[in-house]
Amino acid sequence: MADLQSKVTQLTSQIEGQLTTMVDEIEKQKLRPMGRNMHSCIVSCYDKIGKSGRKEQIEQCAQNCQMPYQQAGQVTQQEIGNFQNRLQNGMMQCQNDAQAMVTPDMQGDEKKMRQVENNLFKCIEGAVGKSKAELGPMRQRIESRMVVAGGRNGGGGG
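Just so you know, these numbers come straight off a predicted model, no measurement behind them.

1. Focus: helix α2 (residues 55-101)
Part 1 of the argument: Taking 1.5 Å per residue, 47 residues should reach 69 Å; α2 reaches 67 Å between its end C-alpha atoms and fits that length.
Part 2 of the argument: Met67 marks the point of greatest bend in α2, at about 35°, and the proline Pro68 comes within the next four residues.

This is the structure:
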């Protein structure tokens, strides 16, 4: 069982590493430029409204500037959470399926228990493989929703 646990840990570490790499790339390539645009937009709010406008106008303008960046962050977090839930649910289903296969007479039979463990690992391997295949489409969903959110970054006007 310890061998199974180390194999599963290795699989989950791989998928977590790939997820982290993808999120880092999105953050560097998409979120940082959006953050920069957000701050530039806020500065323009102060430039346009600052000396003659009301405080509420500046606040509204700044809030409009922040919206695309905040929405992009929320989209990213939501997609990551959904991804992690799907992976966890898939692995839990494997665990449930394996437990359902165990009968009382198998408890002392090392060969039969090893077969259950092998089936469990193959199932988990499949769940992780499915999750790996979902990374590309997830990235596309995140980035396409960022383009929509980023396109609304016209809030600097006054």
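There's more to say after this.
2. Thoughts on the nonpolar core
Part 1 of the argument: Ranked by internal contacts, the top residues of the largest apolar core, which has 28 residues, are Leu19, Met22, Ile124, Leu135, Met138, Ile142 and Met146.
Part 2 of the argument: Secondary-structure elements contributing two or more residues to this core are α1 (2-49), α2 and α3 (110-151).
Part 3 of the argument: Ranked by residues supplied to this core, first place goes to α3 with ten residues.
Part 4 of the argument: One finds Met38, Cys41, Ile58 and Cys61 within the second-largest nonpolar core, a separate group that totals nine residues.

3. Regarding the confidence of the model for the protein
Part 1 of the argument: For the protein, the mean per-residue pLDDT works out to 90, and 92% of the residues sit at or above 70.
Part 2 of the argument: For the stretch residues 152-158, pLDDT sits under 50, and the model shows 22 contacts to residues farther than four places along the chain or on other chains.

4. What about the packing of aromatic side chains?
Part 1 of the argument: Summed over all chains, the structure comprises zero aromatic pairs.
Part 2 of the argument: Above the plane of the ring of Phe121 lies Lys7, whose end atom (NZ or CZ) is 5.2 Å from the centre.

5. Comments concerning the environment of Thr76
Part 1 of the argument: Here Thr76 is to be found in helix α2.
Part 2 of the argument: Separated by 20 residues in sequence, Thr76 and Glu56 place their C-alpha atoms 30 Å apart.
Part 3 of the argument: Setting aside chain neighbours within four positions, we find Thr76 in contact with Leu31, Ile142 and Met146.

6. Details of the pattern of salt bridges
Part 1 of the argument: Scanning the model with the defined rule gives eleven salt bridges in all.
Part 2 of the argument: The salt bridge partner of Arg141 is Glu79, with a shortest N-O separation of 3.0 Å. Taken together, the residues Arg141 in helix α3 and Glu79 in helix α2 connect sequence positions 62 residues apart.
Part 3 of the argument: Using a relative accessible area of 33% as the deciding quantity, one classes Arg141 as partly exposed.
Part 4 of the argument: Given a relative accessible area of 6%, Glu79 falls into the buried group.
Part 5 of the argument: Among the ionic pairs, Asp105 bridges to Lys112, the shortest N-O distance being 3.7 Å.
Part 6 of the argument: Here the salt bridges do not stand alone but share partners, grouping Glu25, Arg139 and Glu143 into one network.

The rules we used
- Residues numbered from 1 in each chain as written.
- Predicted model: local features only at pLDDT ≥ 70, side-chain atom pairs only at ≥ 80, totals over all residues.
- Heavy atoms only, no water.
- Helix = DSSP H or I, 4+ residues; strand = E, 2+ residues; numbered from the N terminus.
- Expected span 1.5 Å × (residues − 1).
- Bend = angle between axes of the 7 residues up to and from the residue.
- Core = buried A, V, L, I, M, F, W, Y, C linked by side-chain atoms within 4.5 Å.
- Buried < 20%, exposed > 50% of the residue type's maximum accessible area, 1.4 Å probe, protein only.
- pLDDT = per-residue confidence, 0-100.
- Contact = heavy atoms within 4.5 Å.
- Phe/Tyr/Trp six-rings, centres within 6.5 Å; stacked < 30°, edge-to-face > 60°.
- Lys NZ or Arg CZ within 6 Å of the ring centre and 35° of its normal.
- Salt bridge = Lys/Arg side-chain N within 4 Å of Asp/Glu carboxyl O.

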